[in-house]
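# Examining the three-dimensional arrangement
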Amino acid sequence: MLRRRRQAALVASLLALLLLGGAAAASALTSQPIRYNHNVHVVAYKMDCRFCHSSAMKTASAGIPSVEKCMICHRVIAVDHPEIKKIAQYWKEKKPIPWNRVTELPDYTYFPHFRMVNAGIACLTCHPGMDKVDVAVQEQEFTMGFCLKCHKARGVSIECWSCHI
Amino acid sequence: MKHKWAMVIDMDRCTGCGACVVACVAENNTPTAGEEEAGKGRLMQWLRVSRFWKKEGEDTRAIFVPTPCMHCEKAPCEIVCPVYATYHDEDDQVNAMVYNRCIGTRYCANNCPYSVRVFNWWNHQWEKPLDEQLNPDLSVRSRGVMEKCTYCIQRIRRGKETALKEGRKIRDGEVVPACAQTCPPGAILFGDLLDPDSAVSRMVKDPRLFKLMEHLGTEPKTAYLKKQKGPGR
Amino acid sequence: MLDRRDFLKLGGATAFAALFGGCDRIPKKIIPFVIPPENTALGESLWYASACRQCPAGCGIVVRVSEGRAKKIEGNPLHPVNRGKLCARGQAGLQALYHPERIGRPLKLSGPRGSGKFAETSWEEALSILLTGLKKLQAAAPASLLMLTEPMRGHRNLVAARFMRAFGSPHRIAWDPFGQDALLAANEAVFGIRDVPEYDIANARYLLSFSGDFLETGISPVHYGRAYGQMRQSRPTVRGKFVHFGPRLSMTAANADVFLPIAPGSEGAAALGIAHVMVREKLTPSAAAAASLWAAGLSRMTPEAVGKATGLLPSDIEAVAHEFAGNAPGIAMAGDGAAGCTNGTYNLAGAALLNALAGNVGRQGGISFPNRLAAFSRFGADAALLLPPPESGFASVRDSVEKMRKGTYRMALLSGSTNPAFSLPAPLKFGEALLSVPQVVSFASFLDETASLSDLVLPVPTFLEEWGDDIAPAGHAGDALSMLQPVVDPFRDTRQMPDILIAAARELGGAVAAALPWAGFRECLEKSYAGMGVNLEAARRDGGVFPGKTPAPRTAPKAQRPSLPVAAEAEFEGDPARYPLFLHVYPSIAHSDGRGANLSWLQELPDPVTTAVWRNWVEVNPKTAETLGLADGDGVVVASPFGSMEAFVVVHPATAPGVVALPLGQGHTRYGTNAANRGGNPFSLLPVKADRGSGAPARQSTRVSLAKAKLAGSLVRTVNVEGQWKYENIL
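What you see is a predicted model; the values in this text were computed from it and never measured. (Residues numbered from 1 in each chain as written. Chains lettered and ligands numbered in written order. Predicted model: local features only at pLDDT ≥ 70, side-chain atom pairs only at ≥ 80, totals over all residues.)

## Side note on the overall build of chain B
In terms of regular secondary structure, chain B is built from seven helices and 10 strands. Taking 17 Å as the expected radius of gyration for a compact globule of 233 residues, we find that chain B reaches 18 Å, a close match to that expectation. (Helix = DSSP H or I, 4+ residues; strand = E, 2+ residues; numbered from the N terminus. Rg over C-alpha atoms; globule rule 2.2 N^0.38 Å.)

Now the structure itself:
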C-alpha cells in the first residue's frame, strides 16, 4: 500500500506544480489559521498520513493532530518559519488550533476510517490530491455512487444500515 | 459475516418495571413528546410495555408485554414502502429503517400490526444542555421521518467492529441492546440464531415460546416465552 | 489538566459530528486537543464506575463518557447490589446532570421569603453570608443550628455529623418518607435484631408478600427484581411461587401467581391467620415456639376471624398456609403499604413471625441478618456514622417543626432530595414553620418546594459529578463499599456540601476545624481509605470494594422464642359517612415521593399498571366507580378531612372495592416546568399520623370522598383501553 502511494505521490508532486490554480489556493490559504503544507510533509518528507491522522487505523474518525504532535518535530525543525511560529504561539498559550472543516461527510452517514484503512484502501483513494496541495482541499465529493462503486467492486456490504443509521 | 439477530422475552421474568423503556430512550436519541403530543398518540418511544387485562375466572390479571419491533421475516411494513426506506437487511436479517430515504408516507406504520413504529411529526428539540446526552453513534431524526426499534444496530455494528479488530467471530452475549442490558430480572435475551450454540438458539426451542399475532404470518424474530402458572389456585 | 473547551467539538473528518441533524448543525470548526489525554481514541468512549443516588438503594453504575460528556448510565456488573442492571430512574440520572433548570450559581433571595425569587450571586458572597451566620451563631447559641437533610451515608454523613457535633448543635435530622422504621421495630420485636434483613429471593421456593411492592419501589427494586427473575426461571426444576396480599393490584402484585385483595391495614391479621393454620396443623419445625404462640393468643386468629377482618376467604388462608409451610425455603415480606398504616409494626411483625415459624431464618432461600457491624468494624469508632439505620426521622421532623415555631432555631441548613416541604403531610405546615426560621440555607441542585423557601441556595453537583463513597443500606449488599467519582467535569459552578462544610469549619476554627481536619472532601476520603489499606485507585476503577462474600449471618435467635405481636387495628381518619372510601397512597415507580418528577424521561415513562403519563390519577374499582357514577377518565375532586386535590379516574379492575389508590410523586408547585402544575399532591390529603409501634409516618390512615368535577385537559394513557389491544388478540 505504501509503495503504491509513494508512486502516486511522485507523479502528483510533478503535476501539482503544473496544475494548481492560484485562485483555489488563495481562498484555501485564508481559510485556515495556519498554512499547513500537506505536500511538503507527505511528498518531500515522505511522512505517512497516519502519523498525524493517527486514529485512522483505530477508530471511525481519522483525527486532527494535537498541538503537542506538531511540536514533537517543530520544537527543532523550521522554528523560524512564520507559520511554525504561529504553532509555537498556540503551544505557548496552550490553546488548540481552530481549524476550519474542509472535508464534509453527508448527513446520516457513518464512515469508519479504520475499516477502510485496515482493508488496505489508500488514503488518496477518497482524498485525492491531498498530497499535491498545501492547505487541504476536498477534491472528491462523497456521493453514494462514489462509495458504492468501490463497495461493489470489492464485494463488501452494500446494506443501507452499513453506513446510514 | 451473516447474522440472524433475534430477541426472546421471558414473560415469566418480566415484571413490567419499564427500565427497558428509559434505557432505550437514552441509547437511541428518542425525543420527549410532551403531554400534548402524547395525548395525540405521538409518544416517540421505540419500546413500550403493553399492559393487558386478562380475565381469569373471577380475577382480572394484568399482563405486561414489552413490545419492541418484531423484526418480522415477512414484514408487512416493508412491502408497502414506496421508496424502500424500510427493507430487509441481508447482513443482519433485521428489518431496517433508512432515514435518508424515508419520505414520510407512514404507510409502514399503518400496516404494522404491532403499532411499534413512531413518526416524527416535528423537528424535536433538546433544550440545551440536554443535547449533550445524545448518543454520537446514531443520528437524530428530523421531521417527516419514520423511526422504530433497530435492535440497537449501532451496538451490533460496534460488536462486529470489535470482533473484526481482534480477528474473531462475535461471541454470544457480546452484542446486547440497551433494553436487554438493563432489564433487572433478565427477561430480555438477545443473540444470533445462525449461531447454533447461542442462548437464543436454545431458547427458541423452549415449549413456552410464542410469537405475537402469529396467525398473521409475519414470522416475528422477537419471540416470547409464556408466563407459567404455579400449582394451586 | 485540559481546558474543558479543548474537549469539545472534536471532529476532523469524524463521521460522528456529521451525524447530527441538518446541515446547519455540522460544526464548521475542528478543534483538536492541545495535549491529547492518555489512552483516548477519538470517538471511542470511556466507561467510568461510580454509584447511583437516584434513590437510596445504592446501585453501582458505569457511565459511558464520550468526548467529555456522559452519554449513558448502565449498571456496574461487579456491584453486588445490582450486578449490571439498572432501573428507569437510574437510567434517567443523565437528565438531572444536563437539566436546563439546574441551579448553576449561588442564589440569594431577591423577593420576600418563600416567593421563589432569587438573584445569582458569587460564591465568595454566598460563602461569606453562610459564614457570617454561622459565626454569629457559634458565639451566641450554637445549639440553635438545625441541619435537615436526606439520609446520608458514607463519609458525606460523617462530615455532616462531625460538623454538627463539633459546632455544638444536637439538631441534626434526616428525613426519608420511606424510612424502614416499622421493619426495624418489627424485627426487633420478633428476632431481637434491629436491622434490615437480606431476603434471598433468588433461592426461595415460595414468596409471600404483604403489600410489599419490592419490584417497583421499596428497599432495592433492582436487586430484588433480579432475584425475582432468578426465582422464577433460573433453576431447572423449581419455579418459585409468589402470592401477594394487598389492597391494590400494584405492578408487583400483578406479577404474583395469586393476588389476594385485602382490606387496608389488615396485612398483619392475614399473616397471623396463616400462622394460626401452620401451628394448628403442626406445620412448623419448632413445636415449643408454636405452643407458646398458640397460648399467647394465636389460637384466636382462626381463618374465619381473619377472613372477616381482611376480606379473605378462609379456604384461601388455609391453602396458602399449607403451601407456604410445604415449600420451604420460603420468604414472607411486607412493604410500604403495610408499614405505612398506624399498625405498621404489627403488620410487619406478622410477616416476620411467619419466617420464624417456618424456619426460614438464616437459611439459603430465606431471610438472614448479615453481621454488617462486624464487617465494617475496620472503620473504627465511626462505623455507625457511615451506615446509619435507614429510619424515616418522622418524629424528629415533627419535633423540629414545633421548635421552628417556638423560635428554637436561628439558622437552618437544608439538603437533599427528600424535599420535606413537599413530602410531609400538609397539616404539619412545614413550609410555614420553616419561614419562621430567621436564616435558611439550602444545598440543592434544583429549586424544589423546600429550597424555594430559603434565603440562600448553594448549588451542589449531581451524583455524576461528585466524589464520595456509599454503603448500600440493606443486607443485600454484603459488605460492599461503593466509590463515587466525577464521571464528567462539573457541568455547573457547583460545590459539594461536604466541601463547603469543611471549608466553613476551617474558618470557624477551634473544635469545629479540628473535627474536620482536611483540605477538602476528596482528601477526607483519601486519608480515611488509605488508613484502612484500601487501594483507592483500584476501588475507583471497579466502582468500589467488593469482597465478594456476604458477611456471615448473625446467629439466628434460636433460643429466643418469638413473641406474638400485640394485635393492633389500623385507624383511619374521617367520618365513614362523609368519607366512604379508604385512601391507599403508594410511591410512584417513576417519581417515588416526587423527586423524579422533574425529569421528562420519567414523566413520559408510562405507569406500568395504568399506562398513564405526565399526570396524576386515582384508581377506582369498577363497582365503586359505578356506584359513584364515575367513568374512566372523569375528573374528580378527592377530599379528605385534611385537604383536597384534583385527579382523573382510572377504573382499575383489581383494586379492592371501597379503596381508592393514588400515586405519590406529582403535584409539585415548583421544581421546574416538567414537574410543576401537574395535578394535586396526595401528601396534601394525609393526616399527621404515625405508626404506633415505630413512629414511622402512617400514610394509609385516612378516608376520602370522590366528587365528579370538570377538569381541564385529560389523562393521557398509552394503551387504547377499549380498542384493539386485548390480550386475546395478540396470541
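Read on for the rest.
## Observations regarding the overall build of chain A
Each helix and strand counted, chain A has 10 helices and one strand in total. What you see in chain A, going N to C, is helices and strands ordered as α-α-α-α-α-α-β-α-α-α-α. Looking at the 165 residues of chain A, the share that counts as buried comes to 26%. In chain A, of all internal contacts separated by at least 6 residues, the share reaching a separation of at least 24 is 68%. (Buried ≥ 20, exposed ≤ 12 C-beta atoms within 10 Å, placed from the backbone. Contact = placed C-beta atoms within 7 Å.)

## A word on the environment of His-652 of chain C
All names here are of chain C. Along the polypeptide, His-652 turns up in the loop between β25 (643–651) and β26 (659–664). Residue classification places His-652 among the buried positions, given that 26 C-beta atoms sit within 10 Å. Separated by 404 residues in the primary sequence, His-652 and Arg-248 have C-alpha atoms spaced 9.2 Å apart.

## Concerning the interface of chain C and chain B
At the interface, 63 residues of chain C touch 59 residues of chain B. For the side of chain C that touches chain B, the leading source of residues is helix α8 (residues 221–233) of chain C, giving eight residues. Class assignment for the residues of the side of chain C that touches chain B results in 35 nonpolar, 14 polar and 14 charged. (Nonpolar A, V, L, I, M, F, W, Y, C, P; charged D, E, K, R; others polar.)

## Description of unusual backbone geometry
Here Lys-128 of chain B and Pro-129 of chain B are connected by a cis peptide whose omega angle stands at 0°. Within the element layout of this structure, Pro-129 of chain B appears in the loop between β6 (118–119) and β7 (146–147). Residues Ala-328 of chain C and Pro-329 of chain C are joined by a peptide bond in cis, for which omega reads -5°. Considering the arrangement of structural elements, one finds Pro-329 of chain C in the loop between α13 (314–326) and β13 (330–334). The phi angle at Thr-611 of chain C is positive, at roughly 60°, despite the residue not being glycine. Its 19 C-beta neighbours within 10 Å are what place Thr-611 of chain C among the partly exposed residues.

## Concerning the interface of chain A and chain B
Opposite the eight residues of chain A that make contact, chain B presents 13 residues. Tallied by class, residues from the side of chain A that touches chain B come to five nonpolar, two polar and one charged.

## Re the packing of helix α12 (residues 303–310) of chain C against α13 of chain C
Residues and elements named next belong to chain C. Contact geometry for α12 and α13: axes closest at 8 Å, N-to-C directions at 115°. Between α12 and α13, the interaxial angle falls into the category roughly perpendicular. Note that α12 runs across α13; the crossing there is right-handed. Only Pro-314, Ile-317 and Glu-318 of α13 make contact with α12, whose side of the interface consists of Pro-303, Glu-304, Val-306 and Gly-307. (Axes fitted to C-alpha atoms, helices over the stretch in contact; angles between N-to-C directions. Parallel < 35°, antiparallel > 145°, perpendicular 65-115°, else oblique. Left-handed = near helix turned anticlockwise from the far one by under 90°.)

## Quick look at the confidence of the model for chain B
Mean pLDDT over chain B: 91, with 98% of residues reaching 70 or higher. The ipTM assigned to the predicted complex is 0.95, against a pTM of 0.90. (pLDDT = per-residue confidence, 0-100.)

## Topic: the confidence of the model for chain A
Detailed reading of the predicted model is not advised wherever pLDDT is low. Residues and elements named next belong to chain A. Per-residue pLDDT for chain A has a mean of 80; in total, 82% of the residues score no lower than 70. Averaged over each element, pLDDT in chain A is lowest for helix α1 (residues 2–19) (39) and highest for helix α9 (residues 144–154) (92). Scored below 50 in pLDDT, residues 1–29 shows 26 contacts in the model against residues more than four places distant or in partner chains.

## Here's the deal with α12 of chain C
Residue and element names in this part refer to chain C. For α12, the full list of buried residues reads Pro-303, Val-306 and Thr-310. On an axial view of α12, the arc spanned by its buried residues comes to 65°, and they lie on one face. Among the structural elements, α10 (267–280) and α13 are those in contact with the buried residues of α12. Backbone geometry just downstream of α12 places Gly-311 in the positive-phi region, at approximately 90°. (Arc of directions from axis to C-beta.)

## With respect to the sheet that holds β13 of chain C
Residues and elements named next belong to chain C. Taken together, four strands build an open sheet; the order of strands is β12-β11-β10-β13 and the sheet is parallel. For this open sheet the edge positions go to β12 (258–261) and β13, each flanked by a neighbour on one side alone. Ignoring strand direction, the axes of neighbouring strands in this sheet form an average angle of 15°. As defined by bridge partners, strand β10 (residues 206–210) adjoins strand β11 (residues 241–246) across five bridges and the pair is classed as parallel. If you follow Ser-209 over to β11, its bridge partner there is His-244. Sheet strands in contact with α10 are β10, β11 and β13, and its direction is about 145° off that of β10. Running over the sheet, helix α15 (residues 344–357) touches β10 and β13 and is turned about 175° from β13. (Pairing = 2+ DSSP bridges.)

## Quick notes on the pairing of strand β5 (residues 94–97) of chain B
Residue and element names in this part refer to chain B. Inspection of the sheet shows strand β4 (residues 86–89) paired to β5 by four bridges, in the antiparallel sense. Residue pairing for β5: Asp-89 is matched across the bridge by Val-94. Between the antiparallel neighbours β4 and β5 lie four residues, among them Gln-93 with a positive phi of about 55°.

## Regarding the sheet that holds strand β4 (residues 69–75) of chain C
Residues and elements named next belong to chain C. Spatially, β2-β3-β4 is the arrangement adopted by the three strands of the open sheet, whose pairing is antiparallel. On the outer flanks of this sheet lie β2 (46–51) and β4, each paired with one strand and no other. Shown here is a sheet whose adjacent strand axes are inclined to one another by a mean of 30°, direction ignored. Alignment of β2 against strand β3 (residues 60–66), held across six bridges, turns out to be antiparallel. Looking across to β3, one finds that Tyr-48 is bridged to Val-63.

## Some points on the packing of helix α7 (residues 181–191) of chain C against α15 of chain C
Residue and element names in this part refer to chain C. Viewed as axis vectors pointing N to C, α7 and α15 meet at an angle of 45°, and their least axial separation amounts to 8 Å. For the element pair α7 / α15, the angle class is oblique. Crossing hand, α7 versus α15: right-handed. Across the interface between the two elements, Ala-182, Leu-183, Ala-185, Ala-186, Asn-187, Ala-189, Val-190 and Phe-191 of α7 pack against Gly-344, Thr-345, Leu-348, Ala-349, Ala-352, Leu-353 and Ala-356 of α15.

## Here we look at the environment of Phe-52 of chain B
Along the chain, the position of Phe-52 of chain B falls in strand β2 (residues 48–56). A sequence separation of 69 residues divides Phe-52 of chain B from Trp-121 of chain B, and the C-alpha atoms of the two residues are 28 Å apart.

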